[in-house]
Amino acid sequence: MSKEDLIKQAKQAVLDGDEEAAEAMAKKVISEGINPVDIINEGLTPAMTEVGDGFANEEISLPGVLVAAEAMTTAIEIMEPHISSEETAEKQGTVVIGTIEGDIHDIGKRIVATMLRVYGFEVHDLGRDVPIDVFVEKVKEIKPDIVGTSSLMTTTMAGQKMLEEKLQAAGLRKNVKTMIGGAATTQEWANKIGCDCYAEDANDTVLKAKELIK
Ligand code: HCB
């Protein structure tokens, strides 16, 4: 089966919220030796964006979003361990990443974490709904080059500002670069809160993370 066919199947599985189809597609990607990164970037992610737009326009219900997210997560979990290490460059730096407290959205953050690993970063993924103090503790403990946060909701963006303030107060901010992302965030928000960088998607994250550690 061609890569294009599998991209189509990936999109359809997310749009239909069909976990079984997502699983079958992901297993086929592995057995056919196709790069999972292409399937994530060209199939799964655009389909999830379409679902998000459908939800915003009230064409898709919340349970519809949930099954789409489950199909996407299933496919990523199967493909993640097979993401090619040939693309893995020499070690680039260390990143601590997580989704801000109160926010359970983690699909995009997971993709970002995976892509950073692929391109040579050591990534400590703290998961989702992560309290700000946990980010601060991890920065103290791991001494990463970058701390990245994800916020998908206007209600959780404030946590990114709080992280800037708490890192300052703990005397840690000068030793770590900060990066934000997620649908609720923008470059303007990054500027406003004094964050070093806003990244729009996983590719942008890798490019900007490399810039930040230079
Ligand atoms: Co959710 N949800 N949701 N949701 N959800 C959003 C985010 C809304 C925008 C939908 C809408 O109203 N239009 C909205 C938030 C509105 C707002 O605050 N402005 C919303 C809401 C309101 C909610 C609930 C409150 C709904 C409810 O219960 N009434 C609830 C949240 C509960 C909570 O968190 N406490 C909820 C629940 C859900 C699920 C569970 C059904 C599911 C999440 C499943 C999961 O993540 N495990 C879900 C989903 C899937 C979405 C949408 C449809 C898609 C999000 C997504 O996965 N996109 C989203 C609509 C949208 O975003 N337009 C909707 C695909 C990924 C690949 O994109 O933007 O996350 P991404 O990540 C990109 C990019 O941002 C960047 O790179 C990624 C890869 O390209 N990036 C980073 C991300 N993080 C980064 C960090 C970095 O450091 C750097 C770059």
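A short tour of the structure in this document, coming up. (Residues numbered from 1 in each chain as written. Predicted model: local features only at pLDDT ≥ 70, side-chain atom pairs only at ≥ 80, totals over all residues. Heavy atoms only, no water.)

## Focus on the side chain of serine 151
Mapped onto the fold, serine 151 is located in the loop between β3 (146-150) and α7 (154-169). Polar contacts involving the side chain of serine 151 include one to the main-chain carbonyl oxygen of methionine 153, which spans 3.1 Å. (Helix = DSSP H or I, 4+ residues; strand = E, 2+ residues; numbered from the N terminus. Polar contact = N/O pair within 3.5 Å; in protein donor to acceptor, adjacent residues only side chain to side chain.)

## So, the site of the ligand
Residues in close proximity to the ligand total 35 residues, the closest being Gly102, Ile104, His105, Asp106 and Ser150. In the model, an oxygen atom of the ligand is placed 2.8 Å from a nitrogen or oxygen of the isoleucine 104 main chain. The separation between an oxygen atom of the ligand and a polar main-chain atom of aspartate 106 is 2.7 Å. Placement of the ligand is best described as lying within the largest pocket. Of all the elements in the fold, those that place two or more residues in the shell around the ligand are α3 (36-56), α4 (62-79), α5 (107-118), β3, β4 (177-181) and α9 (202-213). Here the shell around the ligand gets 5 residues from one element, more than from any other, and that element is α3. Tallied by class, residues from the shell around the ligand come to 18 nonpolar, 12 polar and 5 charged. (Near = heavy atom within 4 Å. 1 Å grid on protein atoms, 1.4 Å probe; cavity = no way out; pocket = protein on both sides within 12 Å on 5 of 7 lines; lining within 4 Å. Sits in = over half its atoms within 2 Å of the grid points. Nonpolar A, V, L, I, M, F, W, Y, C, P; charged D, E, K, R; others polar.)

## Quick word on the pairing of strand β2 (residues 121-125)
The sheet contact formed by strand β1 (residues 93-99) and β2 spans 5 bridges and is parallel. In the strand pairing of β2, valine 95 is matched with valine 123. (Pairing = 2+ DSSP bridges.)

## Brief notes about α5
The end-to-end C-alpha distance of α5, which contains 12 residues, comes to 17 Å, matching closely the 16 Å that a straight helix rising 1.5 Å per residue would cover. In terms of burial, α5 is a largely internal element, 10 of the 12 residues being buried. Within the sequence span of α5, burial applies to Ile107, Lys109, Arg110, Ile111, Val112, Ala113, Thr114, Met115, Leu116 and Val118. (Expected span 1.5 Å × (residues − 1). Buried < 20%, exposed > 50% of the residue type's maximum accessible area, 1.4 Å probe, protein only.)

## Structural notes on the pattern of salt bridges
Any two side chains of opposite charge can pair if their charged atoms end up close together. Counted by the stated rule, this structure contains 16 salt bridges. One salt bridge connects glutamate 137 with lysine 140, and the closest N-O pair in it is separated by 3.5 Å. Here glutamate 137 and its partner lysine 140 are both found in helix α6 (residues 132-142), 3 residues apart, which amounts to about one turn of the helix. One salt bridge in this structure joins aspartate 196 and arginine 173, with 2.9 Å as the shortest N-O distance. Note that aspartate 196 is positioned in the loop between α8 (187-193) and β5 (197-198) and arginine 173 in the loop between α7 and β4, a separation of 23 residues in sequence. For aspartate 196, a relative accessible area of 34% gives the class partly exposed. (Salt bridge = Lys/Arg side-chain N within 4 Å of Asp/Glu carboxyl O.)

## Observations regarding the nonpolar core
Across soluble globular proteins, nonpolar side chains have a tendency to be buried as a group. In terms of nonpolar packing, the biggest core is built from 45 residues, with Met25, Ile39 and Leu44 touching the most fellow members. For this core, the secondary structure elements donating two or more residues are α1 (3-16), α2 (19-31), α3, α4, β1, α5, β2 and α9. The dominant element in this core, judged by the number of residues it contributes, is α4, at 8 residues. When residues no more than four places from it in sequence are discounted, the contact partners of leucine 44 are Ala10, Val14, Met25, Ile39, Met72, Ala75, Ile76 and Met79. Listed in part, the 12 residues of the second largest apolar core include Val96, Ile132, Val136 and Leu172. (Core = buried A, V, L, I, M, F, W, Y, C linked by side-chain atoms within 4.5 Å. Contact = heavy atoms within 4.5 Å.)

## Quick notes on the sheet that holds β2
With respect to topology, 5 strands assemble into an open sheet ordered β2-β1-β3-β4-β5, the strand pairing being parallel. Unpaired on one side and paired on the other, β2 and β5 mark the two borders of the sheet. Relative to the sheet, α7 contacts β3 and β4, its axis offset from that of β3 by approximately 155 degrees. Against the sheet, α9 makes contact with β1, β2, β3, β4 and β5, and its axis sits at roughly 165 degrees relative to β4, the strand it touches most. (Axes fitted to C-alpha atoms, helices over the stretch in contact; angles between N-to-C directions.)

## Details of the coordination of the cobalt atom of the ligand
Only one protein atom coordinates the cobalt atom of the ligand: His105 (NE2), located 2.2 Å from the metal. Topologically, histidine 105 is positioned in the loop between β1 and α5. (Donors = N, O, S within 2.8 Å, 3.2 Å for Na, K, Ca; no water.)

## Digging into the layout of surface pockets
Roughly 1,500 Å³ of internal volume is contained in the largest pocket. Contributing to the lining of the largest pocket are 43 residues, with Met48, His105, Ile107, Gly108 and Leu152 lying nearest its centre. For the lining of the largest pocket, a count of residues per class yields 20 nonpolar, 15 polar and 8 charged. (Points joined across faces, edges and corners; volume = space filled by probe spheres on them.)

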